[in-house]
Amino acid sequence: MTTYNLLLLPGDGIGVETIAEVERIIDFLNKAGRVKFATDTGLVGGAAYDVHGVAISDADMDKAHKADAVIFGAVGGPKWDGVPYAVRPEAGLLRLRKDLGLFANLRPAICYPALADASSLKRELVEGLDIMIVRELTGGVYFGEPKEIVTLENGEKRAVDTQIYTTSEIERIAKVAFDLARKRGNKVHSAEKRNVMRTGVLWNEVVTAVHKSYAPDVQLEHILADNCAMQLVRNPKQFDVIVTDNLFGDVLSDEAAMATGSLGMLPSASLGAADPKTGKRKALYEPVHGSAPDIAGKGLANPIATIASFGMALRYSFDMGAEADLLDKAIAGVLAQGLRTGDIMQPGMTKVGTAEMGSAILAELQKLAA
Ligand code: IPM
Ligand code: MG
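For clarity, every value in this text was computed on a predicted model and none was experimentally measured.

Visitor: I'm lost on the state of the cysteines in this one. Help?
Guide: Here, the word disulfide means a covalent bond between the sulfur atoms of two cysteines. Under the counting rule described, the total for this entry stands at zero disulfides. The closest cysteine sulfur to the non-disulfide-bonded Cys111 is located on Cys228, 18 Å from its own sulfur. Using a relative accessible area of 4% as the deciding quantity, one classes Cys111 as buried. Judged by relative accessible area, Cys228 falls into the buried class, the value being 0%.

This is the structure:
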């Protein structure tokens, strides 16, 4: 039987609780016996800082490099607000992305029918919504140098972040978007700010060239990122795949998430380049939401985004599309039964906590798999 190695990095806050629910799904799949998942755990974020004084240790980075996939919870919290910038919790996640070369971040925003009324947008705008945001994840202003705060001669401070993109960085993310679009609605919107940024000009040129040579069969629209933000709340269903840079992708994906009802619903996959020999990609799967310190440790968190992220691992890392479909169906089924965590609670529904939601999804999965 094939054994896959998973590294679980729960991190901080609700990450710990939501990853615990994923572990129950893993146990179930192991008992079902088609493949075996061997799990190891590590520390990231504030949890790593408390023990090692860094946001992720070299030993845990080494485990991440060797794992077939990393399943990540969340990082951060007020407890670490004062720690030095270089070792702040988020630095652990950024190091994982950069060192593993996870340049392609897939963020599907899907509105489950049962949740259409939980969205801040009208039901008819979001019912059936299915958008894939493809966010460039290892370049742009997140990593460009210089990145510093310097004190000027007059005593004033000056802060600099640097937005950088090269042709090859844009080409590879554009190809990911076109490949995905072919399996979906065959339409890509490329979002940038070519009207003010040189990186936007290059982004636009390169995406246009990749489209011409690589994917003329796919419909391509260029859109300014601010207009994209506006269109996402005006008429989100016009979008199929949106490809955009690291920073715009961060912002647009939170916005798209809320259209689906809650940030607690949105999974993501971060993928590296395919290994030329094995075809395998390094991969990390994480919910788009953060560590939610206000509700952490109370058993109130919505585990769906983390469970659905594991579903993306089944699909993209382990070629277990059938199991991933069942898991998505189980989530939809539980929502259709009226179970809701606090973030998606609606009048007349049944309010449950993290573990109850996890149990219900597991029970539904067992039923569907039988
Ligand atoms: C995300 C998060 C991260 C980001 C933070 C935690 C560094 O907001 O994954 O969207 O900005 O990329
Ligand atoms: Mg974000």
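Visitor: Hey, could you run me through the pattern of salt bridges in this one?
Guide: Oppositely charged side chains can pair when the atoms bearing their charge come close. One pass over the full model with this rule turns up 23 salt bridges. The partner of Arg34 in a salt bridge is Glu323, with the nearest N and O atoms 2.7 Å apart. Of this pair, Arg34 sits in the loop between helix H1 (14-32) and strand S2 (36-41) while Glu323 sits in helix H11 (residues 321-336); the two residues are 289 residues apart in sequence, bridging distant segments of the chain. In this structure, the salt-bridge partner of Arg123 is Glu127, at a minimum N-O distance of 2.8 Å.

Visitor: How should I be thinking about the environment of Asn227 in this particular structure?
Guide: Examined against the element boundaries, Asn227 turns out to sit in helix H8 (residues 225-234). When the C-alpha atoms of Asn227 and Glu192 are compared, they prove to be 9.7 Å apart, with 35 residues separating the residues in sequence.

Visitor: Help me understand the site of ligand 1, please; the structure alone is not making it clear to me.
Guide: Close to ligand 1 lie Glu90, Arg97, Arg107, Arg135, Tyr142 and Asp250, which account for all nearby residues. Within the side chain of Arg97, an N or O atom sits 2.7 Å from an oxygen atom of ligand 1. With respect to ligand 1, the side chain of Arg107 contributes an N or O atom lying 2.7 Å from an oxygen atom. Out of a free accessible area of 320 Å², ligand 1 has 77% covered by protein chains. Among the residues making up the shell around ligand 1, the classes are represented as one nonpolar, no polar and five charged.

Visitor: When you look at the side chain of Arg88 in this model, what are you seeing that I'm missing?
Guide: Inspection of the secondary structure assignment puts Arg88 in the loop between strand S3 (69-74) and helix H4 (89-99). One buried charged side chain, Arg88, makes no salt bridge at all; its nearest oppositely charged neighbour is Glu90, positioned 4.4 Å away. Not counting residues within four places of it along the chain, the set of residues in contact with Arg88 comprises Ala55, Val83 and Leu94.

Visitor: Which parts of the structure should I look at to understand the sheet that holds S3?
Guide: Taken together, the ten strands give an open sheet; going across it, the order is S2-S1-S3-S12-S11-S4-S5-S10-S8-S9, and neighbouring strands pair in mixed fashion. Strands with a single pairing partner mark the edges of an open sheet, and in this sheet they are S2 and strand S9 (219-224). Within the sheet, the average angular offset between the axes of one strand and its neighbour, ignoring direction, is 25 degrees. Running at roughly 165 degrees to strand S5 (residues 130-136), helix H6 (residues 167-182) makes contact with strand S4 (104-110), S5, strand S8 (187-192), S9 and strand S10 (241-244) of the sheet.

Visitor: How should I be thinking about unusual backbone geometry in this particular structure?
Guide: Comment: phi is negative for the bulk of residues other than glycine, and the bulk of peptide bonds are trans. In this model, Glu145 is joined to Pro146 through a cis peptide bond whose omega is 0 degrees. One can find Pro146 in strand S6 (residues 144-151). In this model, Asp319 sits at a positive phi of 55 degrees, which is unusual for a non-glycine residue.

Visitor: Explanation requested: the nonpolar core in the structure shown.
Guide: A general feature of soluble globular proteins is that nonpolar side chains tend to end up buried together. Judged by nonpolar contacts, the single largest core of 68 residues is most densely connected at Phe37, Phe310 and Ile361. A per-element tally of this core places H6 first, with eight residues. What Phe37 contacts, discounting residues up to four positions off in sequence, is Tyr4, Leu6, Ile26, Leu29, Asn30, Phe310, Leu314, Phe318 and Met320. Counting residues in each nonpolar core, the second largest holds 22 residues, with Ala109, Leu129, Phe248 and Leu266 among its members.

Visitor: What should I look at first to understand the packing of aromatic side chains in this one?
Guide: Aromatic ring pairs are described here by two measures, namely the spacing of the ring centres and the angle between the planes. For the structure on display, the rule yields five aromatic pairs. The interplanar angle of 35 degrees and the centroid separation of 5.9 Å between the aromatic rings of Tyr4 and Phe37 together place this pair among those described as tilted. Here the residue Tyr4 occupies a position in strand S1 (residues 3-11), and Phe37 occupies one in strand S2, the gap between them amounting to 33 residues. The residues Tyr4 and Phe37 share a single accessibility class, namely buried.

Visitor: What is the right way to read the environment of Phe143 from this model?
Guide: Summarising the element assignment, Phe143 is placed in the loop between S5 and S6. When the C-alpha atoms of Phe143 and Thr162 are compared, they prove to be 7.7 Å apart, with 19 residues separating the residues in sequence. Beyond its immediate sequence surroundings of up to four residues, Phe143 is in contact with Leu94, Lys98, Leu137, Thr138 and Asn246.

Visitor: How do you make sense of helix H7 (residues 198-214) when you look at a structure like this?
Guide: The α-helix advances 3.6 residues per turn, and as a result positions three or four apart in sequence lie on the same side. Along its 17 residues, H7 runs 24 Å from first to last C-alpha, staying within 8% of the 24 Å computed at 1.5 Å per residue. On the buried face of H7, the contacting elements are S5, H6, S8, S9 and S10.

Visitor: How should helix H3 (residues 58-66) be read in this particular structure?
Guide: Taken together, the buried positions of H3 are occupied by Asp60, Met61 and Ala64. For H3, the buried positions fall inside an angular range of 105 degrees around the axis, keeping them on one side. Set apart from the buried face of H3 by more than 90 degrees, the exposed residues are Asp58, Ala59 and Lys66. In the core, the buried residues of H3 are packed alongside S1, S3 and H4.

Each value, and the rule that gives it
Residues numbered from 1 in each chain as written. Chains lettered and ligands numbered in written order. Predicted model: local features only at pLDDT ≥ 70, side-chain atom pairs only at ≥ 80, totals over all residues. Heavy atoms only, no water. Disulfide = S-S within 2.5 Å. Buried < 20%, exposed > 50% of the residue type's maximum accessible area, 1.4 Å probe, protein only. Salt bridge = Lys/Arg side-chain N within 4 Å of Asp/Glu carboxyl O. Helix = DSSP H or I, 4+ residues; strand = E, 2+ residues; numbered from the N terminus. Near = heavy atom within 4 Å. Polar contact = N/O pair within 3.5 Å; in protein donor to acceptor, adjacent residues only side chain to side chain. Areas by Shrake-Rupley, 256 points an atom, 1.4 Å probe, with all protein chains shown as cover. Nonpolar A, V, L, I, M, F, W, Y, C, P; charged D, E, K, R; others polar. Lys, Arg positive; Asp, Glu negative; His and termini not counted. Contact = heavy atoms within 4.5 Å. Pairing = 2+ DSSP bridges. Axes fitted to C-alpha atoms, helices over the stretch in contact; angles between N-to-C directions. Core = buried A, V, L, I, M, F, W, Y, C linked by side-chain atoms within 4.5 Å. Phe/Tyr/Trp six-rings, centres within 6.5 Å; stacked < 30°, edge-to-face > 60°. Expected span 1.5 Å × (residues − 1). Arc of directions from axis to C-beta.

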